[in-house]
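For reference, the chains in residue letters:
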Amino acid sequence: MSMAGEAHEALLDAKAKYEAEGYMVSLSESLPRPFDAFTADAIARRGDDVVVVEVKSANMNDWSRGRLEELTEILRTECGWRLDIVTYEREPSPSMPDLKLVDQRVREAQQLAEASPDAACLLLWSAVEGALLWEANKRQVAPTRSLPPRSLVKQLTIDGVLSDNQASELRDFAIRRDAIAHGMAANPPAAEQFDWLCRFVIAVARDQHADLHDMAEWFRANYALPEDVGVPYASDLGRHIWDNNGPYDAEDVLRDQFEDALDADIHEAVQMLERDGTIWAQRDQP
């Protein structure tokens, strides 16, 4: 397990505490279905009592907190297990990366892509890492020491800076970067992945990057269900009477607004929104 020093110490302390209470503790164990794609920091067992232990920064953001609350409820309902969140304090974050340099490197990587894919990958990762550290600093969850690429991705996913979908793309790219950096052969990334990474970095450099929570929050601030903003409904016609304020489709709106978003994140945000409805009206703008 690769984990920041403070987090690792907190995990070892939690392991010792549970073992002192008679629990058998395992580290890096996958959860059962429907969570089999998720690896717990630790699982403690004592008879029928099963505790999933997660180590988190004490200043995690609201989105990360919300995910843990959902996981707590689902674990309890699906498995009869409970979740123990162990928090730790981070050391002060290092200085922020230079966004002008980040922006310059991503554009140089785009220019290099055809002539030298390997060089473009190395340069693009430099821009990606700068963008990730900037975003993590902004959310006050930046690592206090330099981490290897995949460890950085994992840590920032735990802290809610990255969605699971973004983390999957970045891990795949980090594997290529590591191979190139250590003198091994690596297939170039697909054009779609390279393009998304460039858009992701540019969006962060322009302070326009949004996570799932941000996308859903922005949409609800600008769009509403037709009945909530007084769009009349003609029962004899079986439809709403629109006046240049709709109807709107959530997926189309989010794609237009968030150019750096992955398709999978757009779909996930739409699923969140469509729990309320599928047809939307634009709110009056001040």
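Model, not experiment: these values are computed from the prediction. (Residues numbered from 1 in each chain as written. Predicted model: local features only at pLDDT ≥ 70, side-chain atom pairs only at ≥ 80, totals over all residues. Heavy atoms only, no water.)

### Quick notes on the pairing of strand S2 (residues 42–46)
Then, number 1: Taken together, the 4 bridges between strand S1 (residues 24–27) and S2 define a ladder with antiparallel strand orientation. Residue pairing across strands places Leu 27 opposite Ala 42, the latter belonging to S2.
Then, number 2: Hairpin connection from S2 to strand S3 (residues 49–57): 2 residues lie between these consecutive antiparallel strands, with Gly 47 at a positive phi of about 65°. (Pairing = 2+ DSSP bridges. Helix = DSSP H or I, 4+ residues; strand = E, 2+ residues; numbered from the N terminus.)

### Here we look at the packing of aromatic side chains
Note on aromatic pairs: each is described by the distance of the centres and the angle between the planes.
Then, number 1: What the rule picks out here adds up to 8 aromatic pairs.
Then, number 2: Between the aromatic rings of Trp 218 and Tyr 223, the centroid separation amounts to 6.1 Å while the plane-to-plane angle is 55°, which identifies the pairing as tilted.
Then, number 3: Site record: aromatic cluster; members linked through ring pairs are Trp 218, Phe 219, Tyr 223, Tyr 248, Phe 258 and Trp 280.
Then, number 4: One Lys or Arg, Lys 17, reaches over the ring of Tyr 18 and ends 4.4 Å from the middle of that ring. (Phe/Tyr/Trp six-rings, centres within 6.5 Å; stacked < 30°, edge-to-face > 60°. Lys NZ or Arg CZ within 6 Å of the ring centre and 35° of its normal.)

### Structural notes on a negative patch on the surface
Then, number 1: Together, Asp 249, Asp 252, Asp 256, Glu 259 and Glu 274 make up a region of like negative charge exposed at the surface.
Then, number 2: Structurally, the position occupied by Glu 274 is in the loop between helix H10 (263–273) and strand S8 (281–282).
Then, number 3: For Glu 274, a relative accessible area of 32% gives the class partly exposed. (Patch = residues over 30% accessible without salt bridge, like charges linked within 9 Å, V, L, I, M, F, W, Y side chains within 5 Å. Areas by Shrake-Rupley, 256 points an atom, 1.4 Å probe, with all protein chains shown as cover. Salt bridge = Lys/Arg side-chain N within 4 Å of Asp/Glu carboxyl O. Lys, Arg positive; Asp, Glu negative; His and termini not counted. Charge placed at Lys NZ, Arg CZ, Asp CG, Glu CD. Buried < 20%, exposed > 50% of the residue type's maximum accessible area, 1.4 Å probe, protein only.)

### Looking at the nonpolar core
Then, number 1: Among the nonpolar cores identified, the biggest contains 37 residues, and Leu 124, Val 128, Leu 132, Leu 170 and Val 201 are the most heavily contacted of them.
Then, number 2: Looking at this core, the elements that each hand over two or more residues are helix H3 (99–112), helix H4 (117–138), helix H5 (149–158), helix H6 (164–181) and helix H7 (191–205).
Then, number 3: Take this core: its biggest share by element is 10 residues, from H4.
Then, number 4: Non-local contacts of Val 201, meaning those with residues more than four positions away in its chain, are made with Val 102, Val 106, Ala 127, Val 128 and Ala 131.
Then, number 5: In this structure, Phe 219, Ile 266, Ala 269 and Val 270 belong to the second largest nonpolar core, which totals 17 residues. (Core = buried A, V, L, I, M, F, W, Y, C linked by side-chain atoms within 4.5 Å. Contact = heavy atoms within 4.5 Å.)

### Notes on H7
Then, number 1: Here H7 is 15 residues long and its end C-alpha atoms lie 21 Å apart, about the 21 Å a rise of 1.5 Å per residue gives.
Then, number 2: For H7, the buried fraction is high: 11 of the 15 residues fall into the buried class.
Then, number 3: The first or second residue beyond H7 is Asp 207, which carries a positive phi of 60°. (Expected span 1.5 Å × (residues − 1).)

### Looking at the pattern of salt bridges
Then, number 1: Taken as a whole and assessed by the stated rule, the structure comprises 12 salt bridges.
Then, number 2: Close ionic contact of Glu 135 with Lys 138 constitutes a salt bridge, the shortest N to O distance being 3.5 Å. Here the residue Glu 135 and the residue Lys 138 both occupy positions in helix H4, the gap between them amounting to 3 residues, near one helical turn.
Then, number 3: Across the pair Arg 220 and Asp 276 runs a salt bridge, and its minimum N-O distance is 3.9 Å.

### Overview of H10
Then, number 1: Three or more residues of H10 are buried, namely Asp 265, Ile 266, Ala 269, Val 270 and Leu 273. For H10, the arc enclosing every buried residue in end-on projection is 140°, short of the 170-degree limit, so these residues lie on one face.
Then, number 2: Among the structural elements, H6, helix H8 (212–222) and helix H9 (250–257) are those in contact with the buried residues of H10. (Arc of directions from axis to C-beta.)

### Topic: the packing of H6 against H7
Then, number 1: At a minimum axis separation of 11 Å, H6 and H7 run at an interaxial angle of 110°. Considered as vectors, H6 and H7 are oriented roughly perpendicular to each other. Seen from above, H6 lies across H7 with left-handed handedness. Here H6 contributes Gln 166, Glu 169, Leu 170, Asp 172, Phe 173 and Arg 176 to the contact with H7, which in turn contributes Gln 193, Trp 196, Leu 197 and Phe 200. (Axes fitted to C-alpha atoms, helices over the stretch in contact; angles between N-to-C directions. Parallel < 35°, antiparallel > 145°, perpendicular 65-115°, else oblique. Left-handed = near helix turned anticlockwise from the far one by under 90°.)

### Digging into the pairing of S3
Then, number 1: In terms of burial, S3 is a largely internal element, 8 of the 9 residues being buried.
Then, number 2: Here 5 bridges tie S2 to S3, and the two strands are oriented antiparallel to one another. Residue pairing for S3: Arg 45 is matched across the bridge by Val 50.

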